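Descriptive structure summary
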Amino acid sequence: MPPVFPFLPQRLNGLAVLACNLNWTWNREARRLFARVDHQLWTRLRHDPFQLLQQAGPERLAQCAADQDFLAHLDAVLAWSAAEQSAAPTWFAQRYAEHARDTIAYFCAEFGFHHTVPIYSGGLGVLAGDHCKTASDLGVPLIGVGILYRHGYFDQEVRADGWQDDTDMAFDLSRTVLEAVDGANGAPHLAAVRMAGRDVYIRAWRLRVGRVTVYLLDTDLEQNHRDDRPLLSRLYAGGPAMRLRQEWLLGVGGVRVLRALGVQPTAWHANEGHASFMFIERLRELVIAGTPFADAVHAVRAASTFTTHTPVPAGHDTFAADDVAACTGPVWDELGISRDQFMRIGHYPPDPSGAFHMTATAVRLSRRVNAVSRAHGVVTRSLWRSMWPERREPDLPITHVTNGVHLATWMSNSLMQLLDAHLGAGWGNRVDDPALWDRVLTLDAQALWDVHRKLKRTLLVHMREQARVAFTNHTREASRLAGTGVLLDPEALTLCFARRFATYKRANLLFHDVERLLRLVSNPSRPVQVIFAGKAHPADTPGKEMLQEVYQTTRDPRFEGRIAFVEDYDMHLAHVLVQGGDVWLNVPRPPMEASGTSGMKAALNGVPQLSTMDGWWEEGFNGHNGWAITPELSAGAANDDAAAADQLYELLETEVVPTYYTRDRGGLPQRWIQTMRHALRAAGLRFTSRRMLIEYVTDYYVPSIRGESTLDERPTA
Ligand SMILES: *Cc1c(COP(=O)(O)O)cnc(C)c1O
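Residues numbered from 1 in each chain as written. Predicted model: local features only at pLDDT ≥ 70, side-chain atom pairs only at ≥ 80, totals over all residues. Heavy atoms only, no water.

So, on to the pairing of strand β10 (residues 304-307). By the alternation rule, side chains of β10 split into S304 and F306 and T305 and T307, which are all buried. Where strand β9 (residues 267-271) meets β10, 4 bridges bridge the pair, whose relative direction is parallel. Along β10, the bridge assignment pairs W268 with S304. (Buried < 20%, exposed > 50% of the residue type's maximum accessible area, 1.4 Å probe, protein only. Helix = DSSP H or I, 4+ residues; strand = E, 2+ residues; numbered from the N terminus. Pairing = 2+ DSSP bridges.)

By the secondary structure assignment, H115 is in the loop between β1 (104-107) and α8 (123-138). A relative accessible area of 11% means that H115 is categorised as buried. H115 sits 455 residues away from D570 along the chain, and the two C-alpha atoms are 6.5 Å apart. What H115 contacts, discounting residues up to four positions off in sequence, is R46, H47, Y120, D570, M571 and H572. At 2.6 Å, the side chain of H115 forms a polar contact with the backbone oxygen of R46. (Contact = heavy atoms within 4.5 Å. Polar contact = N/O pair within 3.5 Å; in protein donor to acceptor, adjacent residues only side chain to side chain.)

Attention shifts here to the packing of helix α10 (residues 277-288) against helix α11 (residues 293-302). Running from amino to carboxyl end, α10 crosses α11 at an angle of 135°, the nearest separation of the two axes being 9 Å. By the criterion of interaxial angle, the relationship of α10 to α11 is oblique. The handedness of the crossing between α10 and α11 is right-handed. Contacts from F279, R282, L283, L286 and V287 in α10 reach F293, A296, V297, A299 and V300 in α11. When the residues that make up the contact of α10 with α11 are grouped by side-chain class, the tally is 9 nonpolar, no polar and 1 charged. (Axes fitted to C-alpha atoms, helices over the stretch in contact; angles between N-to-C directions. Parallel < 35°, antiparallel > 145°, perpendicular 65-115°, else oblique. Left-handed = near helix turned anticlockwise from the far one by under 90°. Nonpolar A, V, L, I, M, F, W, Y, C, P; charged D, E, K, R; others polar.)

What follows concerns the side chain of K535. Here K535 is to be found in the loop between β16 (528-533) and α22 (541-554). Not counting chain neighbours up to four residues away, the residues in contact with K535 comprise Y153, F154, Q156, Q164, R499, R500, F501, D568 and Y569.

What follows covers the packing of aromatic side chains. According to the stated counting rule, one finds 30 aromatic pairs in the structure shown. Judged by centre distance (5.9 Å) and plane angle (45°), the rings of W332 and F342 are tilted. Remark: F342 occurs in helix α14 (residues 339-345) and W332 occurs in helix α13 (residues 331-335); sequence separation between them is 10 residues. With a relative accessible area of 12%, W332 lands in the buried category. Overall, the relative accessible area of 0% leaves F342 in the buried class. A ring pair is formed by F501 and F565, whose centres lie 6.0 Å apart and whose planes are at 50°; its orientation type is tilted. Note that F501 is positioned in the loop between β15 (493-498) and α21 (514-521) and F565 in strand β17 (residues 563-566), a separation of 64 residues in sequence. (Phe/Tyr/Trp six-rings, centres within 6.5 Å; stacked < 30°, edge-to-face > 60°.)

For the rest of this paragraph, the subject is the domain arrangement of the protein. Domain boundaries assigned for the protein yield domain 1 (10-84), domain 2 (100-403 + 696-705) and domain 3 (409-687). Domain 1 and domain 2 are separated by 35 Å when their C-alpha centres are compared. With 16 residues of domain 1 at the interface, the matching set in domain 2 holds 15 residues. Between domain 1 and domain 2 lies a buried interface of about 1400 Å² when both sides are counted; carbon and sulfur atoms form 55% of it. (Domains from an automatic or database assignment. Buried area = accessible area lost by both parts, 1.4 Å probe.)

Here we take up the pairing of strand β6 (residues 191-195). Burial along β6 is one-sided: A191, V193 and M195 are buried, while A192 and R194, pointing the other way, are not. Between β6 and strand β7 (residues 198-209), which follow one another and run antiparallel, lie 2 residues, and A196 among them has a positive phi close to 50°.

Below, the structure written as structure tokens:
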């Protein structure tokens, strides 16, 4: 039931229908169609179809309704969207027809589908979003379970002194693609969860992502105690007590909501440890139904996959045992075990405090456990080796599935058009053929360069527009304008650094030797400019300090306005940056970056990466598709910021800058363009979410559904 838009002519009702399924976000014809309604408005509204259909003038809408060409376009997109929601002969249906009725439940604390549904903070959520979109493409029978954060993730505003203010935002649910799901007999709730001694009622919202449905949990109901109503309203906010409650509601409530909807998954996937209580609830269900505890553990494991994303012990959620008991108790009675036995499910041997570890819980209760890149697999096995004291580290039953990104979401329309011309229309159906990606090495240099220059202009215009809005809103003094990027030069080599301001990501590495950076930036014939974006977690004071340090340099006149900071990094800004920069800069302190997906998005747009050898770059770098900072292997040196900074400057001075500015007679940087082609080829071959999901289906989901055991047994609970 599409929402009602007062000025929308009947004949254009299809636009409202399209807006109600997020698959428009990855169909370039659908995006082009919305833009056609009112290009300026579409840009100003940051690609929000609900706002567009509300704000477009009645005259303009009437014009569209009378425009035969527009109507033909609309009908074609509607036909595509309908086919993309049907059970067409998909990849999954062709290979696994016998599993057409199976369901894989995919739990994650955040999902990043589109910036108009702000229930993500960063990489984990965007990965989960790309996972669901790809499941739709491939016809994988997956259902997502997450949380509706009514206040979303915070908006970022940077003060004049560079300190990040975290401003609250609430989004109007009636203006989004979310649909309320009614409970039995019209009740607003679908399930109740016992928590801290009282029942918390849970409702759900449905999000349509192509063929995939995602259910988002919400406790803002009148029946709930007033302290429980806002429990799920903010993402990664509040202290551990709030996090614990959110995770209990997600895990237990998620299973119960699925049951209330009649969904009986045959495979279960927890994406990161926030969802680990899902395993506990399934144990409880089995024990209540009469299964002995040990058999229940066996059954839960057999159907479960767990993906860990965090390479450092401190990054994993842990809760004090007493807090867990107060929140969940006495769930152990229902499980038929003692409180001590229950706490041992979350026991992590190196931690003497007796805290409850969400990752340890998931590792014990999933037969299939994976890290998100090859390098992260090595780190993860060393983190968890104590759980299998009798095994050699390389033999631990923890594997990896390297992350990937959703091509149709992240590749620009312009590059897709160029590929249409070069590879033939329909190349999107041949992306599994490696020969297709070899052919991008023969992309016409001039054509590829033209596409790139156009996207770079879009980026700079975007920054100028954002600065103009801030300026006219009087939030910005004139002296701060330079730092917003209004002085950036479309001809200058542009590095982009856009990521969360966590200290290990080392946003300030470039400023390690300011004089050396100044020489790069202010070289009159070969200038370098840098664009920064990213939020610091509200509770991460060192991260905020690093952001402040970077921000203040944007106002340093010695840099001539060539260092800029753009506020409010979200998926929309991420698109503009990964498509429009010249180089994607990534300098984490190894081995802290589990994967790092933004560099894959850039590469899918032909934007090469300059990165430390960490996360996906350890697999992705091939000597032709970018540049690598290689840590010394000797102990300690890998963490040496000075050595990394030295290599970074050296690479910029001797490789990146000369390659970019060496032009042929026609003004083309031929070697640079070759690097761009290689970046695109490597990403297309190995780092799409399509390759990733096919691995999950083949090696994880289908064996789970079939109850195939692996030789690897889990540590005892
Ligand atoms: C892709 C993405 C990320 C993840 O990027 P990293 O490479 O892991 O830093 C974070 N935020 C947004 C908005 C993204 O689109």
